[in-house]
Amino acid sequence: MVSSNSFAAMRRAFLALFVVVLSGCSSTGVYDLRKSAGPVSRAPRTIFVEPFSVRTKALNLGERSASEKAALGREISRNLADRTALEIRRYAAPSQVLPVGRVPAVGTWLVRGEILKVDQGSRALRTGVGLGMGRTEFRTRVSVSEVRPDGLRKLLTFRTTGTSGLEPGAALGVATGAGAVQVAGGALMGSLAGVSSDVDRTAYEIAAVLSSYLSRNRLLSPDRTPLTPNMAGELPTTINPRRILPAPVRDQLGD
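Below is a summary of the structure that appears in this document. Just so you know, these numbers come straight off a predicted model, no measurement behind them. (Residues numbered from 1 in each chain as written. Predicted model: local features only at pLDDT ≥ 70, side-chain atom pairs only at ≥ 80, totals over all residues. Heavy atoms only, no water.)

Right, let's talk about the pairing of strand 6 (residues 109-119) for a bit. Across the 11 residues that make up strand 6, a large majority, eight, are buried. In the sheet, strand 2 (residues 47-49) pairs with strand 6 via three bridges, with the strands oriented parallel. Bridge pairing in strand 6 places Phe48 opposite Leu110. When strand 3 (residues 53-54) meets strand 6, the two strands line up parallel, connected through two bridges. Following the sheet pairing, Val54 is matched in strand 6 by Ile115. In this structure, strand 4 (residues 59-60) lies alongside strand 6, joined through two bridges in parallel fashion. (Buried < 20%, exposed > 50% of the residue type's maximum accessible area, 1.4 Å probe, protein only. Helix = DSSP H or I, 4+ residues; strand = E, 2+ residues; numbered from the N terminus. Pairing = 2+ DSSP bridges.)

Turning to the pattern of salt bridges, a few remarks are in order. Summed over all chains, the structure comprises 11 salt bridges. Across the salt bridge formed by Glu114 and Arg141, the nearest N and O atoms sit 2.5 Å from each other. In this pair, Glu114 sits in strand 6 while Arg141 sits in strand 7 (residues 137-148), placing the two residues 27 residues apart along the sequence. When its relative accessible area of 18% is taken as the criterion, Glu114 is described as buried. In this structure, the salt-bridge partner of Glu146 is Arg153, at a minimum N-O distance of 3.2 Å. Ionic contacts of the salt-bridge type, sharing partners, join the residues Glu146, Arg148, Asp150 and Arg153 into one network. (Salt bridge = Lys/Arg side-chain N within 4 Å of Asp/Glu carboxyl O.)

Ranked by internal contacts, the top residues of the largest apolar core, which has 37 residues, are Ile88, Trp109, Val111, Val118, Phe138 and Leu210. Among the elements of the structure, strand 2, helix 2 (66-91), strand 6, strand 7, strand 8 (151-163) and helix 4 (193-216) are those that each provide at least two residues to this core. With nine residues, helix 4 is the largest single contributor of residues to this core. (Core = buried A, V, L, I, M, F, W, Y, C linked by side-chain atoms within 4.5 Å.)

Right, let's get into the pairing of strand 8. Along a regular strand, successive side chains alternate from one face of the sheet to the other. Alignment of strand 1 (residues 27-35) against strand 8, held across seven bridges, turns out to be antiparallel. Bridge pairing in strand 8 links Thr28 to Gly162. One ladder, built from 11 bridges, connects strand 7 with strand 8; its direction is antiparallel. Its bridge partner being in strand 8, Val142 is matched across the sheet by Phe158. Hairpin connection from strand 7 to strand 8: two residues lie between these consecutive antiparallel strands.

Right, let's get into the packing of aromatic side chains. For the coordinates displayed, the defined rule picks out two aromatic pairs. Centre to centre, the rings of Tyr91 and Tyr204 are 5.5 Å apart; their planes meet at 80 degrees, and the pair counts as edge-to-face. Here Tyr91, found in helix 2, pairs with Tyr204, found in helix 4; they are 113 residues apart in sequence, far enough to count as distant. According to the relative accessible area criterion, Tyr91 is buried, its value standing at 11%. (Phe/Tyr/Trp six-rings, centres within 6.5 Å; stacked < 30°, edge-to-face > 60°.)

Turning to the environment of Asp223, a few remarks are in order. On the secondary structure map, Asp223 appears in the loop between helix 4 and helix 5 (247-253). A polar contact of 2.3 Å, which involves the side chain of Asp223, links it to the side chain of Ser221. (Polar contact = N/O pair within 3.5 Å; in protein donor to acceptor, adjacent residues only side chain to side chain.)

Here it is, written out as structure tokens:
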């Protein structure tokens, strides 16, 4: 008889293998990464994340009304900010979503961005056919600035692009779909399951950019393991299968 611990270990091993097979179907990449010329000598006290802007025309969410698309756009923006702050706290530095009306203090950093495209794809094709069919598309533009007495000094700018194809699901005993994003801002609707996975992965890559930047400047806390961002078009120097998993699966596997 297989113990519960043995079953959990087998499930984790199977998930890791499954992820490698699916790596071409679900991923998020960073590109056009640019850094400022000036040195950074101090780690940020807090990294604030401002909710990303998004225009309704950037949302390809099927046959929905303009008001429903706008509401979903706001929800996607909130979820992305919440998840990004969570991932930055985990891998880079203290972080929180910037409260409305608050001006970030000197010595903190500010993450700003715009959601350029959200395409929900076809969930039926993703789950029924797979192999990249019906995949979603999620694109953002991001900047990171240092808050100084004379204003903001831009440290980093980059873009992300992500897709979700076939995902591991109930057969593997993990929560995906409607439960894919459970953060302070709420959960994306079940009909946007692939998009919610894109939000998770985008947040992870934003945190990876910051983690790598802090590490290169010798400002990353020693209790954090540095991440390397998944640079689009480049072969990774290390294999990190966790990055293509939805957040709930990564959280079940642990850091």
